[in-house]
Amino acid sequence: MTIESFPKAAKRELVDVQLRTNLRAATDTIQAKRARVVGELPDWEALRDAGSAIKADVLAHLDDYLVQFESAVTAAGGHVHWAADAAEANAVVVEVARAHGVSEVVKMKSLTTDEIHLNAALEEAGIHALETDFAELILQLDGDWSSHILVPAIHRNRREIRDLFARTIARGITSDEPRDLAEASRIYLRERFLNAKVGVSGANFGVAETGTICIVESEGNGRMCTTLPEVLVTVIGIEKLVPRFADLEVFLQLLPRSSTGERMNPYTSLWTGVTPGDGPQELHVVLLDNGRTRVLRDDVGRQALHCIRCSACLNVCPVYSRTGGHAYGSVYPGPIGAILTPQLIGIENAASLPFASSLCGACYEVCPVKIDIPTVLLHLRGQAVAVKAPAPERLVMRTVAWVFGGRRRFMLGQRLARLTQRPFVRGGRIRRLPGPLHAWTSSRDLKPVAPQTFRDWWRSR
Ligand code: SF4
């Protein structure tokens, strides 16, 4: 799958004034809340270091932790399925739903299931996946898709939502008060929850030591999805593991403070296998790869797998705040999308995304697990040039690298440049280079090569 080029998509999104207004209001509020609660913790930097170290350890020993997790889930009465790609993961969920003869599953917000287009796969099998998160429900009712990791309908205002509800689930509603809109969705969803036989969830963390799955959320719909149905299917990316139960202590401080700007999430749910007479009696856990092991192979790029999806990097990004999430062409928008998507689907399919950044470094400053996003962006830009740049440009770059790679070659190159630049120097600047090189000078002047190198000057003294 190749995604639309970022500059093209961004140009389209930039005309949406409403989008930018909504984004500004929401991200400013979240940023202020985050700064307040982060400032309360004297050991915030130590927590970030701990989060980063735990994630690095997980990736370094992922094979062992995955097997440990599988054993623990199985011992606790769950079933573990390994999915190499989206098709395999979707097939497991469809099979479970079919085995229980359902035409609808209730589903909580999950980026991982969005990544594999689970809803479409279920729909194809004649099974409706009902989104139960308020924002996700809005998007589903309108055939729209998410533009922010944490606030998927950030580009919608309450009047638009009132009109949508009036057309769909709450005919006759006239109020656009948040309380009334929430009540309308609650009434619509409550009966569906009570009748649901199969629930589908993602996961924030999986504990290798115990097989425990952890989700955090704000609305309580996730807890209903994971406790009311008889059967639960949880799709979890393989990088979401933590080694020990005690490691949750670190992430359950980092995540809510960085995402919603709260000390803890209103709902933190943990479950381990099945418990007779309590909650779902059949648990399926789908361990999803879908490109993650390829990301793991890259020593620089693999840190993108540390991400705990808090969205703090989106809220501070000057590019995201102008374009919104749709311009990134994937379920992972903003700075994390710019480094994760090209690695998951192949740089050749998303070559423009690593360039969707001013490299200001604000994302690195706020990332709770210290992902060095600017460094990964530069690394991926190099890969993008290697696969996407036209052959002549690649040849020029290789030649330049060869010339710069040896002292004698470099000095000879300097002498040649000095001789050949003369016709193009005007007023002490090179203002226009000939042929295809003119692109370099179309928006910038170049400094000519100095008439004398420092070495020559030193010798001549
Ligand atoms: S990259 Fe860091 S800041 Fe951005 S969503 Fe992931 S964890 Fe949060």
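Refer to the structure above for everything that follows.
Summary of the structure given here.

**Let's talk about the overall build of the protein chain**
Here is step 1 of the chain: Helix and strand content of the protein chain: 22 helices and 12 strands.
Here is step 2 of the chain: Dimensions of the protein chain along its principal axes, counting C-alpha atoms only, are 90 × 55 × 50 Å.
Here is step 3 of the chain: For the protein chain, contacts bridging at least 24 residues in sequence account for 73% of all contacts bridging at least 6.
Here is step 4 of the chain: Accessible area for the protein chain stands at about 21,900 Å²; split by element, carbon and sulfur atoms hold 56% of it.
Here is step 5 of the chain: Charged side chains of the protein chain number 55 positive and 51 negative; the gap between the two group centres comes to 15 Å.

**Observations concerning the site of the ligand**
Here is step 1 of the chain: Taken together, Cys307, Ile308, Arg309, Cys310, Ser311, Cys313, Ile336, Cys367, Pro368, Val369, Ile371 and Ile373 form the complete shell of residues around the ligand.
Here is step 2 of the chain: Broken down by class, the residue content of the shell around the ligand amounts to 10 nonpolar, 1 polar and 1 charged.

**Structural notes on the sheet that holds strand E9 (residues 267-272)**
Whenever strands of a sheet pair, they do so through backbone hydrogen bonds, lying parallel or antiparallel.
Here is step 1 of the chain: The 4 strands lie next to each other as E8-E5-E6-E9, forming an open sheet whose pairing is mixed. Pairing within the sheet leaves two strands with one partner each, and these edge strands are strand E8 (241-242) and E9.
Here is step 2 of the chain: Across 2 bridges, the pairing between strand E5 (residues 205-207) and E8 is parallel. Across the sheet, the residue bridging to Gly206 is Leu241, located in E8.
Here is step 3 of the chain: Along the sheet, helix H12 (residues 248-259) makes contact with E5, strand E6 (212-217), E8 and E9, crossing E5 at roughly 170 degrees.

**Describing the pattern of salt bridges**
Here is step 1 of the chain: All told, the structure shown has 23 salt bridges when counted by the stated rule.
Here is step 2 of the chain: The closest approach of N and O atoms between Lys370 and Asp49, which form a salt bridge, is 2.7 Å. In this pair, Lys370 is assigned in the loop between helix H17 (362-366) and helix H18 (373-388) and Asp49 in helix H3 (residues 44-60), connecting sequence segments 321 residues apart.
Here is step 3 of the chain: Its relative accessible area of 23% is what places Lys370 among the partly exposed residues.

**As for the packing of helix H2 (residues 17-39) against H12**
Here is step 1 of the chain: Their axes nearest at 7 Å, the elements H2 and H12 cross at an angle of 145 degrees. Contact residues: Ile30, Arg34, Val37 and Val38 in H2; Arg257, Ser258 and Ser259 in H12.
Here is step 2 of the chain: Of the residues contributing to the contact of H2 with H12, the split by class is 3 nonpolar, 2 polar and 2 charged.

**Comments concerning the sheet that holds strand E4 (residues 198-201)**
Here is step 1 of the chain: Ordered in space as E1-E10-E7-E4-E2-E3, the 6 strands form an open sheet in which the pairing is parallel. In the strand order of this sheet, the two ends are held by strand E1 (79-83) and strand E3 (128-131), each with one partner. Between one strand axis and the next, the sheet turns by 25 degrees as a mean value, whatever way the strands run.
Here is step 2 of the chain: When strand E7 (residues 231-237) meets strand E10 (residues 282-288), the two strands line up parallel, connected through 7 bridges. Bridging from a neighbouring strand, Leu232 pairs with Leu283 of E10.
Here is step 3 of the chain: Sheet strands touched by helix H5 (residues 86-99): E1, strand E2 (104-107), E4, E7 and E10. Its angle to E10, the strand with the most contacts, is close to 170 degrees.

**Observations regarding H12**
Here is step 1 of the chain: Here H12 contains 12 residues, and its C-alpha end-to-end distance of 16 Å stays within 8% of the 16 Å for a straight helix at 1.5 Å per residue.
Here is step 2 of the chain: Counted residue by residue, H12 has 9 buried out of 12 residues, so it is predominantly covered.
Here is step 3 of the chain: Turning to H12, its buried residues number three or more, namely Leu248, Val250, Phe251, Leu254, Leu255, Pro256, Arg257, Ser258 and Ser259.
Here is step 4 of the chain: The positive-phi residue at the C-terminal boundary of H12 is Gly261, with phi of around 70 degrees.

Calculation notes
- Residues numbered from 1 in each chain as written.
- Predicted model: local features only at pLDDT ≥ 70, side-chain atom pairs only at ≥ 80, totals over all residues.
- Heavy atoms only, no water.
- Helix = DSSP H or I, 4+ residues; strand = E, 2+ residues; numbered from the N terminus.
- Contact = heavy atoms within 4.5 Å.
- Areas by Shrake-Rupley, 256 points an atom, 1.4 Å probe, with all protein chains shown as cover.
- Lys, Arg positive; Asp, Glu negative; His and termini not counted.
- Charge placed at Lys NZ, Arg CZ, Asp CG, Glu CD.
- Near = heavy atom within 4 Å.
- Nonpolar A, V, L, I, M, F, W, Y, C, P; charged D, E, K, R; others polar.
- Pairing = 2+ DSSP bridges.
- Axes fitted to C-alpha atoms, helices over the stretch in contact; angles between N-to-C directions.
- Salt bridge = Lys/Arg side-chain N within 4 Å of Asp/Glu carboxyl O.
- Buried < 20%, exposed > 50% of the residue type's maximum accessible area, 1.4 Å probe, protein only.
- Expected span 1.5 Å × (residues − 1).

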